[in-house]
Amino acid sequence: MRKFIVILLSLLPCLAIANNFTIGQPLKPLSIQDKGQLVLTNDTITYRPWDSRSLIGKVRIIQYIAGRSSAKKQNGDMIKAVKAAQLPSTYFQPVTIVNADDELLGSGLFVQGKIEKNQRKYPWAQFVIDNDGKGKALWQLPDASSTIIVTDKQGKVRWEKDGPMTDDEVSQVIQLLRELVKTDVNP
């Protein structure tokens, strides 16, 4: 019995890594005050507080990502597929939330500069900087990772995965996004 308890306790750190998303349920509400959403006005970037409840109203693909290039590479194919799908911005919006609390020491300004450049390049997308790593803690996400979440226009989770996606998963997500957007276009 003692060995069983030791083994069970040794597994607890692994169990704590699993996220807490539930398919068909809304995300746990996340509010980011430090940095927050990038706002582009006449080529000038400012920041405002961001709240996940603002996701309601459109189909979204959310990437919550550590501020590291290794995390960015994990789901680069997914992001390329979303761009190539050219979903209508009236019904769809990609959201990238960068965990600036999980970046390499001294890379903060570089990471912030890349995010601002992406906001200028893709003004229809939403970019958010989570300076304190609140999303990682609230949603129980792993370190140095990229998590993909799909929500419908009611803000309910329809798909999620921590870490790199396979080609089949990328295809599944693009198909799901097309179906969700089509439902919005033809209610």
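Residues numbered from 1 in each chain as written. Predicted model: local features only at pLDDT ≥ 70, side-chain atom pairs only at ≥ 80, totals over all residues. Heavy atoms only, no water.

## A word on the pattern of salt bridges
Inspection of the entire model under this criterion finds 5 salt bridges. The partner of arginine 120 in a salt bridge is aspartate 43, with the nearest N and O atoms 3.0 Å apart. With arginine 120 in helix 4 (residues 108–121) and aspartate 43 in the loop between strand 1 (31–41) and strand 2 (44–51), the pair connects residues that are 77 residues apart, well separated along the chain. A residue is classified by how much of its surface remains accessible, and arginine 120, at 34% relative accessible area, is partly exposed. (Salt bridge = Lys/Arg side-chain N within 4 Å of Asp/Glu carboxyl O. Helix = DSSP H or I, 4+ residues; strand = E, 2+ residues; numbered from the N terminus. Buried < 20%, exposed > 50% of the residue type's maximum accessible area, 1.4 Å probe, protein only.)

## Considerations on the nonpolar core
Ranked by internal contacts, the top residues of the largest apolar core, which has 19 residues, are Ile61, Met78, Phe92, Val150, Val173 and Leu177. The set of elements that each furnish at least two residues to this core consists of strand 3 (59–67), helix 3 (76–85), strand 6 (146–151) and helix 6 (167–185). With 7 residues, helix 6 is the largest single contributor of residues to this core. If near-sequence neighbours (up to four positions away) are discounted, methionine 78 is found in contact with Ile61, Ile148, Met165, Val170, Val173 and Ile174. Of all hydrophobic cores here, the second largest spans 15 residues; its members include Phe21, Trp50, Ile62 and Val95. (Core = buried A, V, L, I, M, F, W, Y, C linked by side-chain atoms within 4.5 Å. Contact = heavy atoms within 4.5 Å.)

## Focus on the pairing of strand 2
As judged from the 7 bridges shared by strand 1 and strand 2, these two strands associate in the antiparallel manner. Bridge pairing in strand 2 links leucine 40 to isoleucine 45. Where strand 1 folds back onto strand 2 in an antiparallel hairpin, the turn is made up of 2 residues, including asparagine 42, whose phi is positive at roughly 50°. (Pairing = 2+ DSSP bridges.)

## Description of the environment of glycine 133
Topologically, glycine 133 is positioned in the loop between strand 5 (126–130) and helix 5 (134–138). Spatially, the C-alpha atom of glycine 133 lies 5.3 Å from that of asparagine 99, the residues being 34 residues apart in sequence. Once residues lying within four places of it in the same chain are set aside, the contact partners of glycine 133 are Tyr64, Asn99 and Asp101.

## Thoughts on the side chain of serine 146
Along the polypeptide, serine 146 turns up in strand 6. Side-chain polar atoms of serine 146 contact the side chain of glutamine 63, separated by 2.9 Å. When sequence neighbours within four positions are dropped, the list of residues in contact with serine 146 reads Gln63, Tyr64, Ile65, Ala71, Gln74, Asn75, Lys161, Asp162 and Gly163. (Polar contact = N/O pair within 3.5 Å; in protein donor to acceptor, adjacent residues only side chain to side chain.)

## Topic: a positive patch on the surface
A contiguous patch of positive charge, built from Lys72, Lys80, Lys83, Lys114, Lys117 and Lys121, is present on the exposed surface. Those elements that place two or more of their residues in the positive patch are helix 3 and helix 4. Residue contributions to the positive patch peak at 3 residues, all from helix 4. Mapped onto the secondary structure, lysine 121 falls in helix 4. Classification of lysine 121 by relative accessible area gives exposed; the value is 53%. (Patch = residues over 30% accessible without salt bridge, like charges linked within 9 Å, V, L, I, M, F, W, Y side chains within 5 Å. Areas by Shrake-Rupley, 256 points an atom, 1.4 Å probe, with all protein chains shown as cover. Lys, Arg positive; Asp, Glu negative; His and termini not counted. Charge placed at Lys NZ, Arg CZ, Asp CG, Glu CD.)

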